[in-house]
Amino acid sequence: MSDSVYPAGNLMKGKRGLVMGVANKNSIAWGIAQQLAAQGAELAFSYQGEELEKRVRPLVESLPCEPFMVTADVTDDASMDACFAALEKKWGKMDFLVHAIAFAGKDELKGSFTHNTTREGFKRAMDVSAFSFVDAAKRASALMPSREEGGGAMISMTYLGSERVVPNYNVMGVAKAALEASTRYIARDLGPQGIRVNAISAGPMRTLAMAGISGGKTLMKTGKDWSMLKEDTRMEGVAGAALYLLSDLGHSCTGEVLHVDAGFHAVAVPDLGEEG
């Protein structure tokens, strides 16, 4: 993924936004950030804790724009207050938000959803993976331009496990379903302000999140073998979709879940050929 090439240009020139969820160089959020930066965007990055900052800061400092990092614990209101206060002090206004944050306990990402999901685990997954986007959207929209000034744009990251049963995805699938529903309701509420709100449903990719799911390697192979393009989901494709949705190219698109998974989501029964 580090070998990905992102087209340069000026589609995001003059636009500023926050990227939430970069964990390392393989993060989808990082691929999106690189594409936005290549198109002239000015970026801020949120992180939680010193260990994550150590991993993310070298990446951020590799970008052509001046690095701007701000701490944010999405489960803590005071921390979120401070994060967006820092953004307002730095920029005054912001144009876009990238939300790529999710979490569920590792023990709940294997085996039986019914028997392995705990009350606390369910609430934690919903809080971090779904409500955090609602909260961030509320705060970000307050800093975005009016419709007359051009409005703004937001994206969240989801996965097909929200729509269909995927082995071991379990409580995260339920949380992603809540995230997608939240995306539509946020799009309804912020539409009059000229703010577009969408989600990207990316196929399996070699990320830290995928590594936390039992059977992730099998999921990767199945995604490739069953997909229409017979290929892994490419970071360039996901980042390009984000660029479309966050730039002026995405006018009139809101409340949408855009699948970027080599066509895997549209396959009901795979073509097994003569061997089938």
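All figures in this text were calculated on a predicted structure; none of them were measured in a lab.

*Asks:* Which parts of the structure should I look at to understand the overall build of the protein?
*Replies:* Looking only at helices and strands, one finds 9 helices and 7 strands in the protein. A compact globule built from 276 residues should have a C-alpha radius of gyration of about 19 Å, and the protein, at 18 Å, falls within 12% of that. Seen along its three principal axes, the alpha-carbon backbone of the protein occupies a region of about 60 × 40 × 40 Å. Taken across its 276 residues, the protein has 51% of its residues classed as buried. By sequence separation, contacts in the protein at least 24 residues apart represent 77% of the contacts at least 6 residues apart. Carbon and sulfur atoms make up 53% of the accessible area of the protein, which totals about 13,300 Å².

*Asks:* Please clarify how the environment of Cys 253 should be interpreted in this entry.
*Replies:* Within the secondary structure, Cys 253 is located in the loop between α9 (235-246) and β7 (257-260). The spatial distance from the C-alpha of Cys 253 to the C-alpha of Val 197 is 8.2 Å, given a sequence separation of 56 residues. The residues contacting Cys 253, other than those within four sequence positions of it, are Arg 196, Asn 198, Tyr 244 and Leu 245.

*Asks:* How should I be thinking about the packing of helix α1 (residues 28-38) against α9 in this particular structure?
*Replies:* For any two helices packed against each other, one specifies the crossing angle of their axes together with the interaxial distance. It is at 8 Å that the axes of α1 and α9 come closest, and there the two elements cross at 60°. It follows from the interaxial angle that α1 and α9 lie oblique. In terms of crossing hand, the pair formed by α1 and α9 is right-handed. Only Met 235, Val 238, Ala 239, Ala 242, Leu 243 and Leu 246 of α9 make contact with α1, whose side of the interface consists of Ile 28, Gly 31, Ile 32, Gln 35 and Leu 36.

*Asks:* Which parts of the structure should I look at to understand the sheet that holds β7?
*Replies:* Through backbone hydrogen bonds, the strands of a sheet pair up, either in parallel or in antiparallel fashion. What the 7 strands build is an open sheet, ordered β3-β2-β1-β4-β5-β6-β7; its pairing is parallel. A strand with exactly one partner marks an edge of an open sheet, and here the two such strands are β3 (69-71) and β7. When the angles between neighbouring strand axes are averaged without regard to direction, this sheet yields 20°. On the sheet, α1 packs against β1 (16-20), β2 (42-47), β4 (96-99), β5 (152-158) and β6 (195-202) and is oriented at approximately 160° with respect to β2. Along the sheet face, helix α5 (residues 119-141) touches β1, β4, β5 and β6 and points at about 170° away from the line of β4.

How each quantity is defined
- Residues numbered from 1 in each chain as written.
- Predicted model: local features only at pLDDT ≥ 70, side-chain atom pairs only at ≥ 80, totals over all residues.
- Heavy atoms only, no water.
- Helix = DSSP H or I, 4+ residues; strand = E, 2+ residues; numbered from the N terminus.
- Rg over C-alpha atoms; globule rule 2.2 N^0.38 Å.
- Buried < 20%, exposed > 50% of the residue type's maximum accessible area, 1.4 Å probe, protein only.
- Contact = heavy atoms within 4.5 Å.
- Areas by Shrake-Rupley, 256 points an atom, 1.4 Å probe, with all protein chains shown as cover.
- Axes fitted to C-alpha atoms, helices over the stretch in contact; angles between N-to-C directions.
- Parallel < 35°, antiparallel > 145°, perpendicular 65-115°, else oblique.
- Left-handed = near helix turned anticlockwise from the far one by under 90°.
- Pairing = 2+ DSSP bridges.

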